[in-house]
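Inside the fold
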Amino acid sequence: MRIIFAGTPDVAVPTLSALNDSKHDVVAVITRPPARRGRGKKTFPSPVAQYAADHGLELIESSRFTDPSLQHDIDAYDADLGVVVAFGAIIPPAVLTMPRLGWVNLHFSDLPRWRGAAPVQYAIWSGDARTASSIFQLEDGLDTGPVFSRLPVTIDPSETAGELLERMGRLGADQMVATVDALADGRASAHVQDTDGVTYAHMLTPAQGFIDFTQSAAEVSRHIRAFTPNPGAWTVLPDGKRLKIAGAEPTDQPTLGTGLLQVTKHEVMVGCADACVKLGQVAPAGKGWMDAAAWARGARLSGEERVGVMATEE
């Protein structure tokens, strides 16, 4: 089949690669324009754009499907199917009908649970033990279409959102090729999503990454893992500066009091509501990632400080 692929970040590349290596023909790749990042604010192509350039695939860079020129190009390709993986924009009804078989989306949740932009993050944050990759037919609704394929995935208790998303991206690539093969052969069938159990995973904000350590150790650990690497978990030091956190292992050590530190030569413990967490990698303001114990030595902490307390105005 003639396929138009739409995606942007790293997690979309395995599916694009698998489709490109399959018997099907990827006639065009749509991705978001180059983004500015780093201190120099240089522009960099998306990972999908880089793959397309490296493999000689026809590339269209656009940020929205409502762009008339993009719609004209999509229509002109006379594609059999559109495939979406983490593009990050709604496809309007007029475009959904352009490919002969419409568009299918690889979504990283067990639909209808966690419809929306951040399904992996919410699954970890909420303490889900399992999730799934779902391939469904796009329609005029937020992740509401009938599901062709479901691939169960167990969430490791120490896994960050970034690690789980990378793993699901690799697993979902073969799942997508199998679904596309079934669509091409007329073997594919989809089931309508249940109306019960619908939950939403709205886009996360940096402010939601604040950790105040007033929850249980398990909840604090999940919160940090869900926000790693993006949009990032952080707390506040006694001097008001931010400390980024990339890992906190729950322990059975009795709590010291919420936010209170216990510093030894080899570890940094923080009190939560019921027990302590052991901090992993941290990044003080203006510095790179380092082991928490190394940070504590450099910061010359006494071990009696309290973190996670936001300053309040008088």
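Located above this text is the structure these notes cover.
Residues numbered from 1 in each chain as written. Predicted model: local features only at pLDDT ≥ 70, side-chain atom pairs only at ≥ 80, totals over all residues. Heavy atoms only, no water.

Examined against the element boundaries, Gly298 turns out to sit in helix α8 (residues 292-299). We classify Gly298 as exposed; its relative accessible area is 63%. Distance from Gly298 to Asp185, taken between C-alpha atoms, is 63 Å for residues 113 residues apart in sequence. (Helix = DSSP H or I, 4+ residues; strand = E, 2+ residues; numbered from the N terminus. Buried < 20%, exposed > 50% of the residue type's maximum accessible area, 1.4 Å probe, protein only.)

Attention shifts here to the sheet that holds strand β12 (residues 233-236). An order of β12-β13-β18-β19 is seen for the four strands of this open sheet, with the pairing classed as antiparallel. Where the open sheet ends on each side, the last strands, each with one partner, are β12 and β19 (290-291). In terms of strand pairing, strand β18 (residues 281-284) meets β19 through two bridges, oriented antiparallel. Note that in β19 the partner of Gln281 across the bridge is Asp291. (Pairing = 2+ DSSP bridges.)

Think of a pair of aromatic rings as described by two things: how far the centres are apart, and how the planes are tilted against each other in angle. Counting across every chain of the model gives six aromatic pairs. Ring centres 5.8 Å apart and planes at 80° place the aromatic pair Phe65 and Trp103 in the edge-to-face group. In this pair, Phe65 sits in the loop between β5 (59-61) and α3 (68-76) while Trp103 sits in strand β7 (residues 103-107), placing the two residues 38 residues apart along the sequence. Both residues of the pair, Phe65 and Trp103, belong to the buried class. Aromatic side chains Phe210 and Trp234 sit 5.0 Å apart centroid to centroid with 45° between the ring planes, which places their arrangement in the tilted category. Of this pair, Phe210 sits in the loop between β11 (200-201) and α7 (217-226) while Trp234 sits in strand β12; the two residues are 24 residues apart in sequence, bridging distant segments of the chain. Of the two residues, Phe210 and Trp234, both sit in the buried class. Ring-pair connections join several aromatic residues into one group, and the members of that group are Trp114, Tyr122, Trp125 and Phe227. Over the face of the ring belonging to Phe87 we find Arg32, whose NZ or CZ atom lies 5.5 Å from the ring centre. (Phe/Tyr/Trp six-rings, centres within 6.5 Å; stacked < 30°, edge-to-face > 60°. Lys NZ or Arg CZ within 6 Å of the ring centre and 35° of its normal.)

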